[in-house]
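Okay, here's what each chain looks like letter by letter:
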Amino acid sequence: MTTLIIAEHNNQTLNPATLHAVTAAAKLGDVHILVAGHQAEAVANQAKTVAHVSKVLSSDAPHFAHAQAEEIAPLIVSMAKNYRHIAASATAFGKNLMPRVAALLDVSQISDLSEVVDETTFVRAIYAGNAFETVSCQDEHIVLTIRATAFEAAQATGSDAVIEIVVPTAAQNLSQFIREELMQSERPELTQAKVVVAGGRALQSEEHFNQIIHPLADALGAAIGASRAAVDAGFVPNDSQVGQTGKVVAPQLYIAVGISGAIQHVAGMQDSKVIVAINKDPDAAIFKVADFGLVADLNTAVPELINALKAL
Ligand code: FAD
């Protein structure tokens, strides 16, 4: 049984989330990767060396340049007869694309799966990660999005798969790419970082967030995350949001500063290996998931922590 994984990329680099999806797909058997893009040969060359991948399907067209679901979905559907399982990672890319693929194939989608039981049975989180359901699907095609944090990344090198050219489907012109605004940051990417320092509403302003959270993140080489309240208040851009409607992270260390621990936030960080919480309220829900909790005012505790780290 062969699974088709849809590669997430920017025409130059394969997004690491795809490597996690490959590991999940490998539990079902052989893996093919579709690289739909424009002048994305570098991505196809990266995909061919990924462990478990036996074939890279490369389709090049100007209308595939910006990963618009309206353009890529028909290509995937045109290839679907060869695959029962079609999957992408449950990132913004996969969440945007795969429902359209499922709808065009007239099958239901299994979203955000965290375990592959067998070829028709999957486990996925529901109720913001508070319960897990086991789903069985007998559809002719099984369309999946895969929770990256639930699977190790496949080895990026070592394989040597064949690259096959796929004739692109015609441009749909249902949507138009206007521009993209990418955050330039020296910091690690939030979903890939080993350490995440996240701040909540308690930081009170963008300026104060930067004064408190950034030096701690610098001291630890960490990515910066935030609660939705902090994002909604404009302290940080919304791609920093961790949680049910933000990003799902599972770093080695997650430090939650002035975050209450609402279930929607916890849904995005509860798989972190070690969770540290700093909150002045001893009854804050975050302490229920924290491995280490500090009941303290963040305005004194965080600078003290930074000084202690600098003294190491
Ligand atoms: P608050 O709940 O206001 O908590 C602030 C905390 O800071 C409190 O615990 C307080 O004791 C502490 N504090 C205050 N001052 C200090 C100080 N000086 N020192 C130390 N501690 C201090 N939220 C997310 O985060 N991510 C999501 O993806 C998300 N998705 C959602 C989806 C839905 C459908 C809904 C309904 C909600 C969602 N939310 C999400 C919102 C969520 O329910 C909470 O409202 C939000 O997480 C609260 O953010 P917070 O903890 O920063 O703020």
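**Concerning the site of the ligand**
Taken together, 25 residues sit near the ligand, with Arg-201, Ser-227, Thr-245, Ser-260 and Asn-279 positioned nearest. Here a nitrogen atom of the ligand and a backbone polar atom of Val-242 are 2.8 Å apart. In the environment of the ligand, a nitrogen atom lies 2.6 Å from a nitrogen or oxygen atom belonging to the side chain of Thr-245. A total of 980 Å² of accessible area belongs to the ligand in isolation, and the protein chains cover 75% of it. Residue assignment for the shell around the ligand shows that the elements contributing at least two residues are α6 (228-232), α7 (263-266) and α9 (298-311). Here the residues of the shell around the ligand sort into seven nonpolar, 13 polar and five charged.

**Details of the sheet that holds strand β1 (residues 2-6)**
One open sheet holds the nine strands; their spatial order is β7-β6-β5-β8-β4-β1-β2-β3-β9, and the pairing between them is mixed. Two strands bound the open sheet, and with one partner strand each, they are β7 (131-136) and β9 (162-165). Pairs of neighbouring strands in the sheet enclose a mean axial angle of 40°, with direction left out of account. Along the sheet face, helix α1 (residues 17-26) touches β1, β2 (30-37), β3 (53-60), β4 (85-89), β5 (109-118) and β8 (142-146) and points at about 165° away from the line of β1.

**Quick notes on the side chain of Asn-279**
Within the secondary structure layout, Asn-279 lies in strand β13 (residues 274-279). Look at Asn-279 and you get buried, because its relative accessible area is 11%. Separated by 2.8 Å, the side chain of Asn-279 and the backbone nitrogen of Asp-281 make a polar contact. Not counting residues within four places of it along the chain, the set of residues in contact with Asn-279 comprises Gly-258, Ile-259, Ser-260, Ala-284, Ile-286, Phe-287, Leu-294, Val-295 and Ala-296.

**Focus on the sheet that holds strand β12 (residues 253-257)**
Spatial strand order, β11-β10-β12-β13-β14: five strands in an open sheet with parallel pairing. Only two strands of the sheet have a single neighbouring strand rather than two, namely β11 (223-226) and β14 (292-295). Shown here is a sheet whose adjacent strand axes are inclined to one another by a mean of 15°, direction ignored. Sheet analysis places strand β10 (residues 195-199) next to β12, joined by five bridges and oriented parallel. Each bridged residue has a counterpart across the sheet, and for Ala-198 the counterpart in β12 is Ala-256. Here helix α5 (residues 206-220) sits on the sheet and contacts β10, β11 and β12; the angle it forms with β10, its principal contact strand, is near 170°. α9 contacts β12, β13 and β14 of the sheet and is inclined by roughly 135° relative to β13.

**Structural notes on empty space enclosed by the protein**
In this structure the tally under the stated criterion is one cavity of 30 Å³ or more. In terms of lining residues, the largest cavity is bounded by Ala-7, Glu-8, His-9, Ala-36, Phe-64, Ala-65, Ala-67, Ile-72 and Phe-93. Classifying every residue of the lining of the largest cavity gives seven nonpolar, one polar and one charged.

Cut-offs and rules
Sequence order sets the numbering: in each chain, residues are counted from 1 along the sequence as written. Local features are withheld for residues below a pLDDT of 70 in this predicted model, meaning they are given only at 70 or higher, and side-chain atom pairs are given and counted only at 80 or more; totals for whole chains, interfaces and linings count all residues. By convention in this description, side-chain values take in all heavy atoms of the structure and omit both hydrogens and water. Residues are counted as near a molecule or strand when any one of their heavy atoms sits within 4 Å of it. N or O atoms closer than or at 3.5 Å make up a polar contact, with two conditions inside protein: a donor-capable atom paired with an acceptor-capable one, and, for residues adjacent in sequence, both atoms drawn from side chains. The Shrake-Rupley method, run with a 1.4 Å probe sphere, supplies the accessible areas, and residue values consider only the shown protein chains as cover. Helix and strand assignments come from DSSP, with helices taken as H or I runs of at least 4 residues and strands as E runs of at least 2, each series counted from the N terminus. Residues are sorted three ways: Asp, Glu, Lys and Arg are charged, Ala, Val, Leu, Ile, Met, Phe, Trp, Tyr, Cys and Pro are nonpolar, and all the rest, Gly among them, are polar. Only when DSSP finds a minimum of two bridges between them are two strands counted as paired. For every element, the axis is a line fit to its C-alpha atoms; helices are fit only across the contacting stretch, and the angle between N-to-C directions ranges from 0 to 180 degrees. Residues are treated as being in contact if the distance between any of their heavy atoms lies within 4.5 Å. Think of it in three bands: with a 1.4 Å probe and only protein chains considered, a residue is buried below 20% of the maximum accessible area for its type, exposed above 50%, and partly exposed in between. As defined here, a cavity is a set of points on a 1 Å grid over the protein atoms alone where a 1.4 Å probe fits but cannot get out. A pocket is an open set with protein on both sides within 12 Å along at least five of seven lines, and residues line them when an atom is within 4 Å of a point. Grid points are joined across faces, edges and corners, and a volume is the space filled by probe spheres set on the points.

Remember that the coordinates give geometry; whether it matters functionally is a separate question.
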